[in-house]
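Residue-level structural notes
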Amino acid sequence: MKQFLSVDDVADPMGVAREAIQLKSNPFQYQDMGKNKTLGLVFFNPSLRTRMSTARAAYNLGMHVMVLNVSQDSWQLETEDGVIMDGGKAEHIREAAAVMGSYCEILGVRSFPTLTDREKDYSEYLLNAFARHAGVPIINMESATVHPLQSLADLMTIEEHAQNKRPKVVLTWAPHVKALPQAVPNSFAQWMNRAPVDFVITHPKGMELAPEFSGQAGIEYDQSKALEGADFIYVKNWSSYHDYGHLYQAREWMMSLDKLKNTHNARVMHCLPVRRNVVIDDAVLDSNHSIVQQQAANRVYAAQIVIKKLLEAL
Ligand code: AN0
Ligand code: CP
């Protein structure tokens, strides 16, 4: 694997998820692989899981890790080409990415969308600038449009908990108080469309994801119909793609125990962080239906299999 920007860098998503599950039973099997190699983690936005699980994954492979919080620790970066840099931004992404690449064998980058300029966000200008100028493999730690490390951990978790060969997986929109990116649902849809599952997306009318991500998934606007017979329910808020960045409100879409009644004893998933009693009810998160903790724990092995494959291809 030369880079990990999206599912398109993965030939066999389920195969990689199974390899990650194997790693989990023997996480130090490859502890010499990363000797004298350094992973740089570059954050333009906050993170708990991605930051800690990706570092832990690198440590399991014997690597060193350096973290840079761009907004707090370093210079403000200009990302546009050809501009006169006489404003507040002291350094251009061209130099910054190349310099970071000279210090690290692999770089992870987290950069959320603006949610104001759809064309710019969906061009993935920042992630692509890193990929072009860093000169080393890039790991996407959630970009403007996708979060593939999360989706790989999600697929692992589904594989571990599946009770039948072809589970029904439902991605449901949920309320939130802030306008959030479409990256997690876009990415989840992409990975599910390439997995052996029956995949349905449910959301209020107007909250459709970009068609290049929802792909051939079934869309059902009636949440209770969509949830019938579900084995896995993936709960996530996202802001509007069509009315770009708009915060849609519909409290009745919150996940609650009564919505699980007509499911196949569904497991409930969320990438976290989750706002309790806004997105998912306490009673669900604190019940045996919830596998959010297992999902988060799997982030280590998702990152570890990706870093391992990148190290092997150096
Ligand atoms: C982010 C999002 O929805 O993309 C990160 C999720 C992993 N969530 C929030 O900002 C709350
Ligand atoms: N799920 C996830 O990526 O969490 P963080 O934003 O805390 O990294």
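The coordinates are above.
Residues numbered from 1 in each chain as written. Chains lettered and ligands numbered in written order. Predicted model: local features only at pLDDT ≥ 70, side-chain atom pairs only at ≥ 80, totals over all residues. Heavy atoms only, no water.

We now examine the sheet that holds strand β1 (residues 38–43). Spatially, β2-β1-β5-β6 is the arrangement adopted by the four strands of the open sheet, whose pairing is parallel. The open sheet has two free edges, formed respectively by β2 (64–69) and β6 (138–140), since each of these has just one partner strand. When the angles between neighbouring strand axes are averaged without regard to direction, this sheet yields 20 degrees. The pairing of β1 with strand β5 (residues 106–110) spans five bridges and is classified as parallel. (Pairing = 2+ DSSP bridges. Helix = DSSP H or I, 4+ residues; strand = E, 2+ residues; numbered from the N terminus. Axes fitted to C-alpha atoms, helices over the stretch in contact; angles between N-to-C directions.)

The next subject is the pattern of salt bridges. Taken as a whole, this structure holds 10 salt bridges when the rule is applied. In this structure, the salt-bridge partner of Arg 94 is Asp 81, at a minimum N-O distance of 2.9 Å. Here Asp 81 lies in the loop between β3 (77–78) and β4 (91–92) and Arg 94 lies in helix α4 (residues 93–103), a separation of 13 residues in the sequence. A salt bridge links Glu 312 to Lys 308, with the shortest nitrogen-to-oxygen separation between them at 2.9 Å. Linking Glu 312 with Lys 308, this pair stays in helix α12 (residues 292–312), spanning four residues, or about one helical turn. Owing to a relative accessible area of 8%, Lys 308 belongs among the buried residues under this scheme. Put simply, Arg 276, Asp 282 and Asp 286 are held in one network by salt bridges that share partners. (Salt bridge = Lys/Arg side-chain N within 4 Å of Asp/Glu carboxyl O. Buried < 20%, exposed > 50% of the residue type's maximum accessible area, 1.4 Å probe, protein only.)

Moving on, we get to the site of ligand 2. Every residue near ligand 2 is listed here: Ser 47, Leu 48, Arg 49, Thr 50, Arg 110, His 147, Gln 150, Cys 271, Leu 272 and Arg 299. Residue Leu 48 places a main-chain N or O atom 2.7 Å away from an oxygen atom belonging to ligand 2. A distance of 2.8 Å is found between an oxygen atom of ligand 2 and a side-chain nitrogen or oxygen belonging to His 147. Within the complex, 94% of the 260 Å² of free accessible area of ligand 2 lies under protein. In terms of residue class, the shell around ligand 2 is made up of three nonpolar, four polar and three charged. Inspection of the shell around ligand 2 shows a minimum of three residues originating in each of domain 1 (7–146 + 299–313) and domain 2 (150–296). (Near = heavy atom within 4 Å. Polar contact = N/O pair within 3.5 Å; in protein donor to acceptor, adjacent residues only side chain to side chain. Areas by Shrake-Rupley, 256 points an atom, 1.4 Å probe, with all protein chains shown as cover. Nonpolar A, V, L, I, M, F, W, Y, C, P; charged D, E, K, R; others polar. Domains from an automatic or database assignment.)

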